[in-house]
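So the chains spell out like this:
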Amino acid sequence: MELFSLKNKNALITGGTHGLGMAMAEALAIAGAKLLITGTTPHKMKDALAYYHSKGYDARGYLFDVTDETEAAKQVEKITAEASGIHILVNNAGIIKRESALTMPVSDFRKVVDVDLVGPFIISQLVVKQMIERKEGKIINICSMMSELGRNSVSAYAAAKGGLKMLTRNLATEWAKYNIQVNGIGPGYFATSQTEPIRVDGNPFNEFIISRTPAGRWGNPEDLAGAAVFLASKASDFVNGQIIYVDGGILATIGKPSNEE
Ligand code: GCO
C-alpha cells in the first residue's frame, strides 16, 4: 500500500471547506497527506478546520480568491513557506450558474469561466514552479460530466469544465517532462449542496438522473476518495492528461427505455 501512501506530502485543495473538495481532502488526509485548504467564506473555513482537526488531520486554512492572481501569488508563497512545500494540488474550487444561454448575463458567464477555468490555471502556474524544481508533483483538476456533455442552463459551466479538461491535457503535455502528472477527476451527479436545487424528491431531474445512471443512484462524496488518492500518489506516476470519470456509468450509456430493467 506504499504505492498509495501520501505520508510527508502536503496537499493544497482549493475550495476544500465543503462538498466534494472536503471529501477528497479527507481521503488524502487518511492516506497521510497534510491538508492546505483554501476557501473564501470565513465561517465555512472555521467549520471545516474544526471538522478536520476533530478527526486528527493536520490541516491549515487560507482564505483567498483563486481568480485574483496577485493575492493568490502572495498566498501560495505564504503557504509554501509555512508548510515547507506543496506536493499535491487539487483544483477543486468552482461555481455554477444555471440559466438559459439566451438570457444569461455575460458577466455571469465570465464569472463562471473565471473561477472554474482561469482559477485552476492561475494556481497551477503558481504551484508548478516548486514542482519543477523538485522534479516531482501532482496536479488534479476537478472536471465534470459537463466536460463531455451539455445540458440546458449550464452553458457557462460546461464551457469552463470542457476547457478544464483540455487545460489538463495541455498542462500534462508541457509538464510531464518534469515528472509532474496533471490529471482530472470528472464527477457524475453527486449529492452535494451544489446539486441540491435539482435533486429534491419529486423533481423530474432527480428521477431523470437516476434513470440515466446505470448504478441507479446519485454519487456520494466519499465515492471520489479512491480516484483522488490514486491520482495524488505514486500509483499514478505514469498517468498523464487523463480524466477519470466517477459517474456511476452515466457517460458509458445512451440510457434505456422505461420498460427495460
Ligand atoms: C447540473 C449539475 C452538474 C453536476 C456535475 C456533473 O446542474 O447539471 O450541477 O453540473 O454538478 O458537474 O458532473
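For the structure itself, consult the block above.
Asker: Any details on the pairing of strand 6 (residues 180-187)? Residues and values, ideally.
Answerer: Counting buried positions over the eight residues of strand 6 gives eight, a clear majority of the element. Residues Ile180, Val182, Gly184 and Gly186 point to one face of strand 6 and Gln181, Asn183, Ile185 and Pro187 to the other, with burial holding for every one of them. Bridging between strand 5 (residues 137-142) and strand 6 involves six bridges; their strand directions are parallel. Considered in strand 6, the bridge of Lys138 is made with Gln181. Each parallel crossover has a hand, and for strand 5 linked through helix 5 (residues 155-175) to strand 6 it is right-handed. Relative to strand 7 (residues 243-246), strand 6 runs parallel, the two being bridged by four bridges.

Asker: I'd like a rundown of the site of the ligand, residues and numbers included.
Answerer: As a structural note, the neighbourhood of the ligand is formed by 14 residues, with Arg98, Arg151, Pro187, Tyr189 and Gln194 the closest of them. In this structure, an oxygen atom belonging to the ligand sits 2.7 Å away from a side-chain N or O atom of Arg98. Relative to its free-state accessible area of 330 Å², the ligand is covered by the protein chains to the extent of 96%. For the shell around the ligand, the per-class residue count stands at eight nonpolar, four polar and two charged.

So, how was this worked out
- Residues numbered from 1 in each chain as written.
- Predicted model: local features only at pLDDT ≥ 70, side-chain atom pairs only at ≥ 80, totals over all residues.
- Heavy atoms only, no water.
- Buried < 20%, exposed > 50% of the residue type's maximum accessible area, 1.4 Å probe, protein only.
- Helix = DSSP H or I, 4+ residues; strand = E, 2+ residues; numbered from the N terminus.
- Pairing = 2+ DSSP bridges.
- Right-handed = clockwise from strand over helix to strand, strands pointing away.
- Near = heavy atom within 4 Å.
- Polar contact = N/O pair within 3.5 Å; in protein donor to acceptor, adjacent residues only side chain to side chain.
- Areas by Shrake-Rupley, 256 points an atom, 1.4 Å probe, with all protein chains shown as cover.
- Nonpolar A, V, L, I, M, F, W, Y, C, P; charged D, E, K, R; others polar.

Note that every value here comes from positions in space, so none of it alone points to a role or purpose.
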